[in-house]
Amino acid sequence: MERFYLTTPIYYVNSTPHIGHAYTTVAADVFVRHQRQRGRESFLLTGVDEHASKVARVAAAQGLEPQEYVDGIVESWRALPARLGVSPDFFIRTSDEGHKRFVQEFLERIRQNGRDDIYQDVYAGLYCVGCEAFKTEDELVDGKCPEHDVEPEWIEERNWFFRLSAYQERLLALYERHDFVLPAFRANEARSFIESGLQDFSISRAGQPWGIPIPWDPDQVAYVWADALVNYLSALTYARSGEDLVERFWPVARHLLGKDILRFHCVYWPALLLAAGYEPPQQLFAHGYLLSGDRKVSKSLGNLVADPLDLVDLYGADAVRFWCARSVSFGQDGIASVDGLRERYERELGNDLGNLLSRVTAMIARYRDGDLEPSPSADSPIAAILEPLADDVAARLDDFDLTGALERIWEVVRALNRHVESTAPWQLAKDDARANELDCVLWDLLDGLRVVAIALAAYLPEASERILDALRQPATLDWREVAYGRAQRVEGLAAATPLFPRVDEPSLTV
RNA sequence: GGCGGCGUAGCUCAGUUGGUUAGAGCAGCGGAAUCAUAAUCCGCGUGUCGCAGGUUCGAGUCCUGCCGCCGCUACCA
C-alpha cells in the first residue's frame, strides 16, 4: 500500500499561533489519523520557519541573539499541535542543523545540475528601510510607504537567481494530472499564472545576518522560499537519526497550505525540486480562510479568537477539531465564530452525539441490567445505514473533503437518533413478549454507536475512545471495524456520563 | 484591463454528464414522545433557482448579453 506523507506549512514564528494555524494543523491530523486507521504507513510533518529579517530585528531589540530569541518562542508553537491532540511525527525548525545542511546541499545540487539554473544578477527595487522589505509600485501611496510615510529608496542588490523561466513547460506538464493541485479552481489559478510566463526569482539576500549561508557565497543567505519550502524534504533526512526517510516518503508527499502561499508551493517548489533532481510532490491542497464572524469586539472574545488554546481550555480539543472540520467547507473561505463553536458544541456534539450515547447506554443499563448478547440481523435497518459508511467516508477523505466526510458520518448519527424514536425501546420494554425485539434494537444501537465512534476517531480522538469505553468495546480503530454486526457482548454496562457536558458561556464583559 | 469563479428557502449552503412535484442543516411555527446532557423525533416553505434573451421535447444545470460580488494577475510567513 502506498505510504502517506502529509505536511502543514511551517509557521512563521514572528506571530503567535492563531486559529488559522490551528485549522491547518487539525485538518492535517485528521487526514493522517484516518490513513493510519486504514493501515497506511503515514508521516505528519509540521514546524516553524525561523529565518526572517524581522526575527533578527526583534531579537536585537531585546538584546538577544536570533537563535536565543527563537529558542524562547518556539515552545508556544510546539504547544499548538500538542494541545489540539495532534502528534506530529516530526516538528521541524529551519534553524535545525539538519535543515541548514540539507538546504545547502539542495541549492548546490541545483547549481551543479548542468543547466546553469543559478546565476548572479542584480535585483533592483524600491526598498523601504522601515519595513526592511522591497515594495512594489502598487503598494505605495503617493510614492510613499503607507506604513512609514517615507519614500522608499531605489536599491540594487547583487543576488543569486533561480532560472524559473526554464521550467514553464515542465510545470505545465504536472498540471495535466487533474488532481495535482486541489481544489480545481486553485489549480486553474496556478496554471494560468504559469501560462502567463515565468520570471526568474532571487534565491539569496545580501546583508542579512540571520539565515542559511549560500554555500558558494557565504556573504549571502538563502531567501525565504529557497529555505522554508525545502523543509518538506529536509525533514525526512534527519527526523530519525541514522535513517533517511526520503526513500520511504518521497515523492508520495502531500502538502496542505493556505491559499495565500499557493504560488510558492504550486509553482516555485515543484520547479526547485525538478532543478535539484527530485520528483515533485504528489499533491497539494490549498484550503481557505476561517474568517472571524464574531459579534462585537470585546476583550475577552478577542482573546479567545486570537488564541485557539483558550478555546481548547473552554471546550476541549475535540470540540475545536470538530469546529474546524465542520463549520466551513474545507477548501472554501467561511465564517468561523466563537458563537458558532458553542452552537456546534451544544447542538451537535452535546445533543446529537453525546445524548445519543447517554440514552442508549441508559436503556441498556435500565432494561437489560447492562448485559447484552450480540444479535445482528441482516435485515436490520441499521445494517443498511452502516453498510456504505466506511467506503463513503474513506472516499471523501481521500479527496481532502474534510467537511463532507464528517457530514456523512453525522447523517448516521442523526439516523441513529431517528431509530431510537421509531423503535421506541421504552415501549418494547413494557411487553415481555417483545423481549427479543428489544434485544435486537438495543444491540443495533450499541453497534451503530460503536461504528460511529470508530469512524469519528480521526476527528474526535478523545470522544471516540470514551464512547468505545462506555460501550465496553475494544479500543481498536481499524477501519475494517466500520461495519455492521461487529459489536461484542457487553456485561455490566452502565449509563455513560455526559460526553460533552454543557459549558458555561464565558463572560462577555470585561 | 486579462483569466477564472460565484449569485438557489430568513441564514449557511448541496444540487453528478440538462429530464419525474428544486434539497439539507440552522432559525421560526405546530405536534409527539419521555430512554436521555429539557437532550430527541414528526409535520409545516406560493423559493421569480441574480436579470433578459437563446438552444432543446425539456435548463438551476448548456449558449449570449447585462447587473452585483469574489479570486488570481510574481519575489509579501
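Residues numbered from 1 in each chain as written. Chains lettered and ligands numbered in written order. Predicted model: local features only at pLDDT ≥ 70, side-chain atom pairs only at ≥ 80, totals over all residues. Heavy atoms only, no water.

S.K.: I tried to follow the domain arrangement of chain A on my own but got confused; where do I start?
M.R.: Frequently, the measure chosen for interface size is the accessible area that the parts lose on association. Partitioning chain A into structural domains gives domain 1 (3-287) and domain 2 (337-481). The interface of domain 1 with domain 2 comprises 15 residues on the first partner and 14 residues on the second. Summed over both partners, the interface of domain 1 with domain 2 buries about 1400 Å², with 70% contributed by carbon and sulfur atoms. Linking domain 1 to domain 2 there are one salt bridge. Inspection of the domain 1/domain 2 interface yields five residue pairs in polar contact (both at pLDDT 80 or more). Those elements that place two or more of their residues in the side of domain 1 that touches domain 2 are α1 (19-37), β12 (253-258) and β13 (283-287). Among the elements that make up the side of domain 1 that touches domain 2, the one with the highest residue count is α1 (seven residues). Counted by class, the side of domain 1 that touches domain 2 contains seven nonpolar, four polar and four charged residues. (Domains from an automatic or database assignment. Contact = heavy atoms within 4.5 Å. Buried area = accessible area lost by both parts, 1.4 Å probe. Salt bridge = Lys/Arg side-chain N within 4 Å of Asp/Glu carboxyl O. Polar contact = N/O pair within 3.5 Å; in protein donor to acceptor, adjacent residues only side chain to side chain. Helix = DSSP H or I, 4+ residues; strand = E, 2+ residues; numbered from the N terminus. Nonpolar A, V, L, I, M, F, W, Y, C, P; charged D, E, K, R; others polar.)

S.K.: How should the pattern of salt bridges be read in this particular structure?
M.R.: Should the charged atoms of two oppositely charged side chains come close, the side chains can pair. With the rule as written, the count across this model stands at 36 salt bridges. The closest approach of N and O atoms between R38 and D398, which form a salt bridge, is 2.9 Å. Separated by 360 residues along the polypeptide, R38 in the loop between α1 and β2 (42-49) and D398 in helix α16 (residues 389-398) bring together distant segments of the chain. Taking relative accessible area as the criterion, D398 reaches 32% and is therefore assigned partly exposed. (Buried < 20%, exposed > 50% of the residue type's maximum accessible area, 1.4 Å probe, protein only.)

S.K.: Is there a simple way to explain the side chain of Q37 in this structure?
M.R.: Positionally, Q37 belongs in helix α1. Q37 sits in the buried class, given a relative accessible area of 8%. Not counting the four nearest positions on each side in its chain, Q37 is found in contact with I454, A457, A458, L477, D478 and W479.

S.K.: What exactly am I supposed to notice about the sheet that holds strand β10 (residues 213-214) here?
M.R.: Sheets are built from strands paired through backbone hydrogen bonds, the pairs being either parallel or antiparallel. Judged by pairing direction, the sheet is antiparallel, and its three strands sit side by side in the order β9-β11-β10 without closing on themselves. The two strands at the open ends of the sheet, each matched to only one other strand, are β9 (204-206) and β10. In terms of strand pairing, β10 meets strand β11 (residues 217-222) through two bridges, oriented antiparallel. Within the sheet, the bridge partner assigned to P213 lies in β11 and is V221. (Pairing = 2+ DSSP bridges.)

S.K.: Please clarify how the nonpolar core should be interpreted in this entry.
M.R.: The nonpolar side chains of a soluble globular protein tend to be buried, and buried together. Formed by 94 residues in total, the largest nonpolar core has its most connected members in F31, L353, Y459 and L460. Apart from residues no more than four positions distant in its own chain, L460 is found in contact with D318, F322, L349, L353 and F500. Core analysis: the second largest hydrophobic core is formed by 65 residues, L171, V230, L245 and I261 among them. (Core = buried A, V, L, I, M, F, W, Y, C linked by side-chain atoms within 4.5 Å.)

S.K.: What should I look at first to understand the protein's contact with RNA strand B in this one?
M.R.: Around RNA strand B lies a shell of 43 residues, among which G197, Q199, Y223, R263 and N355 are the nearest. Restricting the count to atoms of RNA strand B within 4 Å of the protein gives a sugar and phosphate share of 64%. For RNA strand B, a base nitrogen lies 3.4 Å from a polar atom in the backbone of L198. Here a sugar or linking oxygen of RNA strand B and a side-chain polar atom of R366 are 3.4 Å apart. Listed by contribution, the elements that provide at least two residues to the surface near RNA strand B are α6 (184-195), β8 (201-202), α7 (224-227), α10 (262-276), α14 (338-368), α17 (402-423) and α18 (425-428). Among the elements that make up the surface near RNA strand B, the one with the highest residue count is α14 (12 residues). Counted by class, the surface near RNA strand B contains 19 nonpolar, 12 polar and 12 charged residues. (Near = heavy atom within 4 Å.)

S.K.: Please clarify how the environment of L477 should be interpreted in this entry.
M.R.: Note on placement: L477 falls in the segment after α20 (461-470). Assessed through its relative accessible area of 35%, L477 is described here as partly exposed. Remark: the alpha-carbon pair of L477 and L456, spanning 21 residues in sequence, is separated by 9.7 Å. If sequence neighbours within four positions are ignored, L477 has contacts with Q37, I454, A457, S464 and L468.

S.K.: So what exactly am I meant to see when it comes to the sheet that holds β13 here?
M.R.: The six strands are arranged β3-β2-β1-β12-β13-β7 in an open sheet whose pairing can be described as parallel. Where the open sheet ends on each side, the last strands, each with one partner, are β3 (90-93) and β7 (181-182). Judged from the four bridges that link them, β2 and β3 form a sheet pairing that is parallel. Counted as the bridge partner of G47 is I92 from β3. Sitting on the sheet, α10 is in contact with β7, β12 and β13, with an inclination near 145 degrees to β12. (Axes fitted to C-alpha atoms, helices over the stretch in contact; angles between N-to-C directions.)

S.K.: Would you mind showing me how to read the packing of helix α19 (residues 435-455) against α20 here?
M.R.: For any two helices packed against each other, one specifies the crossing angle of their axes together with the interaxial distance. Here α19 crosses α20 at 155 degrees, and the two axes come no closer than 8 Å. Regarding the angle of α19 to α20, the classification is roughly antiparallel. As for the relative orientation of α19 and α20, their crossing is left-handed in sense. Along its contact with α19, which presents L449, R450, A453 and I454, the element α20 presents S464, I467 and L468. (Parallel < 35°, antiparallel > 145°, perpendicular 65-115°, else oblique. Left-handed = near helix turned anticlockwise from the far one by under 90°.)

S.K.: Help me understand the packing of aromatic side chains, please; the structure alone is not making it clear to me.
M.R.: Centre distance and the angle of the planes are the two values used to describe a pair of aromatic rings. Evaluation of the coordinates by the stated rule reveals 29 aromatic pairs. Between the aromatic rings of Y5 and F249, the centroid separation amounts to 6.0 Å while the plane-to-plane angle is 50 degrees, which identifies the pairing as tilted. Within this pair, whereas Y5 is found in strand β1 (residues 4-12), its partner F249 is found in helix α9 (residues 246-249), the two being separated by 244 residues in sequence. Grouping residues by exposure puts Y5 and F249 together as buried. Measuring from ring centre to ring centre gives 3.9 Å for W225 and F264, while their planes differ by 5 degrees; the resulting arrangement is stacked. Within this pair, whereas W225 is found in helix α7, its partner F264 is found in helix α10, the two being separated by 39 residues in sequence. Given the relative accessible area of 14%, W225 is considered buried. Among the aromatic residues, those joined into a ring-pair cluster are Y5, F43, F102, F106, Y232, F249, W250, W269 and Y278. It is R205 that lies over the ring of Y223; its NZ or CZ is 4.2 Å from the centre. The aromatic ring of F264 is capped on one face by R263, whose charged end is 5.4 Å from the ring centroid. (Phe/Tyr/Trp six-rings, centres within 6.5 Å; stacked < 30°, edge-to-face > 60°. Lys NZ or Arg CZ within 6 Å of the ring centre and 35° of its normal.)

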